[in-house]
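Observations on the three-dimensional arrangement
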Amino acid sequence: MGKKKTTFVCQNCGNQSAKWLGKCPQCSAWNSFVEEIVSISSSNAHSDHPLRTTKKAKILSEVQPLTQKRLIFNDPELNRVLGGGAIPGSLILFGGEPGIGKSTLMLQLAISNPQFKVLYVSGEESDEQIKTRADRINNITSENIFILTETDTTIIRKTAENINPDILIIDSIQTLHSDKLDSAPGTVSQIRECTFEILAFSKSLSLPTFIIGHINKEGSLAGPKVLEHMVDTVLQFEGDRNHFYRIVRSIKNRFGSTNELGIYEMLESGLQPVIDPSKILISAREEHLSGIAITANLEGVRPLMIETQALVSRAAYGTPQRSATGFDARRMNMLLAVLEKKCGFKVGLEDVFLNITGGIKIEDPASDLAVLAAIVSSREDISISSKVCFAGEVGLSGEIRPVQKISARITEAEKLGFEKIYVSHYNDFSALNSAHSIALFKAKKIEEVFRDLFA
Ligand code: TYD
Ligand code: MG
């Protein structure tokens with residue numbers, strides 16, 4: 001090992017500086033610089049990087065396309081988010097908050113695919129803990145799984161070369177360390193170096209590799225923003241630990257679309273793929289409950305019917321409370337302002353609580369209309385029929401704006417037995433099958449919708 005040298009590294013974006021800085025000039029994070037020891041020898045550490053071996057420029061049309069076959073798993077949701085299975089030699093980063101089920105899903109992948117030899121490397125749990133977890137997941141049990149509790153990248157590489165698995169799983173990148181660097185595991189330099197080493201040998205062994213990465217409080221992959229650039233695919237596990245449903249979203253995919261989405265349910269016996277997710281986010285209810293409206297959303301490319309719930313009540317204390325779970329609070333405030341100004345509902349002195357069922361977060365602007373309908377329904381204490389749903393973005397002047405893929409939403413709503421859907425008058429309905437039986441209420445302004453619902 002060469003002469004020791006230290007450098008300050010931003011733990012947020014990996015920017016380096018010779019001296020400590022209070023604010024990172026690159027990503028503007030405060031107090032993110034940590035002193036790390038870097039040995040000089042690491043400067044040529046990547047000489048074995050597989051992508052460095054190509055020396056001559058080639059003519060693109062002469063390059064042979066990837067003909068490797070994808071590995072298809074016994075998990076339709078995972079195959080879908082990966083773009084139809086995993087490409088050999090690809091690096092897949094799997095991020096999520098602690099306790100959301102990353103280790104469970106990866107172990108399940110290993111157990112339920114006996115056709116593949118899997119090397120599961122854990123730097124977080126002991127062999128016995130992994131065994132206990134595996135016993136909870138009573139799927140098909142594969143005899144083809146090798147467990148390695150190790151954090152040293154050299155040993156991991158040697159083991160992978162000996163065992164020659166079909167799939168490698170690393171749980172988690174934050175626990176690994178490379179002896180090329182002296183800094184502690186979990187620091188940006190270590191994470192970057194370890195990922196480079198894994199990248200090198202997984203490409204040379206044509207091994208699809210899943211790397212688990214923890215997410216910090218702000219919701220980004222802890223420390224290693226840098227990691228996202230290095231890997232082929234970034235999958236993110238979303239959901240609320242206290243709810244059953246989990247969503248796996250693809251944020252980056254060099255081998256597929258990022259519009260895909262996988263939905264799971266966390267049961268006693270592990271994560272169960274949800275094959276027909278449309279209905280799950282709607283709770284069974286009595287017809288007469290007020291404050292509930294269903295939105296025909298689009299999550300990724302899949303239409304999903306999601307229930308929005310609102311509670312409006314007279315503020316008990318001076319300042320009214322506003323709170324939104326699963327929905328952007330600023331957007332809710334904007335919608336409330338539109339309601340007050342354009343429809344004359346005085347909500348300024350009332351508490352407003354909004355909740356999206358199932359613990360999921362929605363971002364589709366088409367949910368605006370359902371959110372407003374739920375709020376007005378709660379305020380007026382008039383229930384909305386459970387056979388009715390909504391899909392429309394609401395603008396600042398109270399106009400209902402068109403949303404994308406309206407025909408997919410309408411078709412899904414009809415399939416699930418909805419009888420009426422409120423949409424924008426300005427949508428392009430040309431792609432819609434004219435034989436639909438669901439009633440369309442095409443409105444230009446939100447007042448028209450409220451008059452139809454509550455008058
Ligand atoms: P885990 O996979 O350990 O999360 P992560 O690796 O993302 O930190 O999942 C932990 C949670 O999942 C834990 O709180 C218990 C729950 N769980 C179940 O509900 N059912 C199961 O079969 C298993 C294995 C875990
Ligand atoms: Mg874990």
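See the structure printed just above.
An account of the accompanying structure is given in this report. Fair warning: this is a prediction, and the values are worked out from it, not measured in the lab.

Things to note about the sheet that holds strand 5 (residues 118–122)
With mixed pairing, 9 strands are arranged side by side in an open sheet as 6-5-7-8-4-9-10-11-12. In the strand order of this sheet, the two ends are held by strand 6 (145–149) and strand 12 (270–273), each with one partner. Pairs of neighbouring strands in the sheet enclose a mean axial angle of 25°, with direction left out of account. Two strands pair when backbone bridges link them, and strand 11 (residues 261–267) and strand 12 are joined in this way by 4 bridges, in the antiparallel orientation. Within strand 12, the position partnered with Met266 by the bridge is Leu271.

Quick notes on the side chain of Asn253
Here Asn253 shows up in strand 10 (residues 245–253). Looking at Asn253, the relative accessible area reads 11%, which means it is buried. There is a polar contact of 3.2 Å between the side chain of Asn253 and the backbone oxygen of Leu82. In terms of polar contacts, Asn253 uses its side chain to reach the side chain of Thr233, at 3.0 Å. Other than its neighbours up to four places away in sequence, Asn253 contacts Val81, Leu82, Gly83, Asp232, Thr233 and Thr258.

Concerning helix 7 (residues 329–343)
An ideal rise of 1.5 Å per residue puts 21 Å on 15 residues; helix 7 measures up with 20 Å between its terminal C-alpha atoms. Three or more residues of helix 7 are buried, namely Met332, Leu335, Leu336, Val338 and Leu339. Taken around the axis of helix 7, the buried residues stretch over an arc of 155°, which confines them to a single face. In this structure, helix 7 carries Arg330 and Lys341 as exposed residues pointing more than 90 degrees from its buried face. At its buried positions, helix 7 is contacted by strand 15 (322–325), strand 16 (350–356), helix 8 (368–380), strand 18 (393–394) and helix 10 (446–454). A positive phi of about 75° marks Gly344, the residue just after helix 7.

As for the site of ligand 1
Around ligand 1, a shell composed of 15 residues is seen, among which Gly99, Ser103, Thr104, Leu267 and Gly270 lie nearest. Between Gly101 and ligand 1, the recorded distance is 3.0 Å, taken from a backbone N or O atom to an oxygen atom. Separating an oxygen atom of ligand 1 from a backbone N or O atom of Glu268 is a distance of 2.8 Å. When ligand 1 is considered free in solution it has 570 Å² of accessible area, and contact with the protein chains removes 77% of it. Among the elements of the structure, helix 2 (102–111), helix 3 (127–136) and strand 11 are those that each provide at least two residues to the shell around ligand 1. For the shell around ligand 1, the class distribution of residues is 4 nonpolar, 6 polar and 5 charged.

Some remarks on the nonpolar core
Ranked by internal contacts, the top residues of the largest apolar core, which has 43 residues, are Leu339, Phe390, Val449 and Phe450. For this core, the secondary structure elements donating two or more residues are strand 10, strand 11, strand 14 (302–314), helix 7, strand 16, helix 8, strand 17 (388–391) and helix 10. With 8 residues, helix 8 is the single largest residue contributor to this core. When residues are assigned to domains, this core turns out to be shared by domain 2 (73–275) and domain 3 (279–454), each giving three or more.

Let's talk about the pairing of strand 14
Across 8 bridges, strand 13 (residues 292–299) lies against strand 14 in antiparallel orientation. Of the residues in strand 14, the one forming a bridge with Ile292 is Gln309. Connecting strand 13 to the next strand, strand 14, in antiparallel fashion are 2 residues, including Gly300 with a positive phi near 65°. Across 7 bridges, the pairing between strand 14 and strand 16 is antiparallel. The residue of strand 16 that forms the bridge with Gln309 is Asn355.

Regarding the environment of Lys5
Mapped onto the elements, Lys5 comes out in strand 1 (residues 4–10). Spatially, the C-alpha atom of Lys5 lies 9.9 Å from that of Asp182, the residues being 177 residues apart in sequence.

Concerning the packing of helix 2 against helix 3
Put simply, helix 2 and helix 3 touch, their axes get as near as 10 Å, and they point 75° apart. One element, helix 2, and the other, helix 3, form an angle in the roughly perpendicular class. Note on element contacts: helix 3 touches helix 2 through Ile130, Arg133 and Ala134, opposite Ser103, Thr104, Leu107 and Ile111. Per-class residue counts for the contact of helix 2 with helix 3 are 4 nonpolar, 2 polar and 1 charged.

Here we look at the pairing of strand 4 (residues 91–96)
Among the 6 residues of strand 4, 6 are classified as buried, and the element is accordingly described as predominantly covered. By the alternation rule, side chains of strand 4 split into Leu91, Leu93 and Gly95 and Ile92, Phe94 and Gly96, which are all buried. Bridge analysis of strand 4 against strand 8 (residues 209–214) gives 6 bridges, and the strand direction is parallel. Bridging from a neighbouring strand, Leu91 pairs with Thr209 of strand 8. Relative to strand 9 (residues 233–239), strand 4 is paired through 4 bridges, and the arrangement is parallel. Each residue of the ladder has a partner; that of Leu93, found in strand 9, is Val234.

Calculation criteria
Per-chain numbering applies: the sequence of each chain, read as written, is numbered from 1 onward. Here chains are named by letter from A upward and ligands by number from 1 upward, in the order in which they appear as written. Where totals are concerned, whole chains, interfaces and linings use all residues; where local detail is concerned, this predicted model gives features only for residues with pLDDT of at least 70, and gives and counts side-chain atom pairs only at 80 or more. Processing note: side-chain calculations cover all non-hydrogen atoms of the structure and skip hydrogens and water entirely. Two strands qualify as a pair provided that DSSP identifies no fewer than 2 bridges between them. Helical segments are the DSSP runs of H or I of at least four residues, strand segments are the runs of E of at least two, and each set is numbered from the N terminus. Axis lines are fitted to C-alpha atoms, over the contacting stretch for helices. Their N-to-C directions set the angle, which ranges from 0 to 180 degrees. Each residue is placed in one exposure class: buried if its accessible area under a 1.4 Å probe, protein chains only, is under 20% of its type's maximum, exposed if it is over 50%, and partly exposed if it falls in between. What qualifies as a polar contact is a pair of N or O atoms within 3.5 Å, subject to a donor-acceptor requirement within protein and to the restriction that residues adjacent in sequence count only when both atoms come from side chains. In this analysis, two residues are considered to be in contact whenever any of their non-hydrogen atoms come within 4.5 Å of each other. A helix is expected to reach a length of 1.5 Å times the quantity of its residues less one. This arc corresponds to the set of directions leading from the helix axis out to the C-beta atoms. Whether a residue is near a molecule or strand depends on its heavy atoms: if one lies within 4 Å, it is near. All accessible-area figures derive from a Shrake-Rupley calculation using a 1.4 Å probe, and residue coverage is judged against the displayed protein chains alone. Put simply, Ala, Val, Leu, Ile, Met, Phe, Trp, Tyr, Cys and Pro go in the nonpolar bin, Asp, Glu, Lys and Arg in the charged bin, and everything else, Gly too, in the polar bin. Nonpolar cores are built from buried Ala, Val, Leu, Ile, Met, Phe, Trp, Tyr and Cys residues. Side-chain atoms within 4.5 Å join them into one set. Start and end positions for the domains come from either an automated domain assignment or a database one. Just so you know how the angles are binned, under 35 degrees is roughly parallel, over 145 roughly antiparallel, 65 to 115 roughly perpendicular, and the rest oblique.

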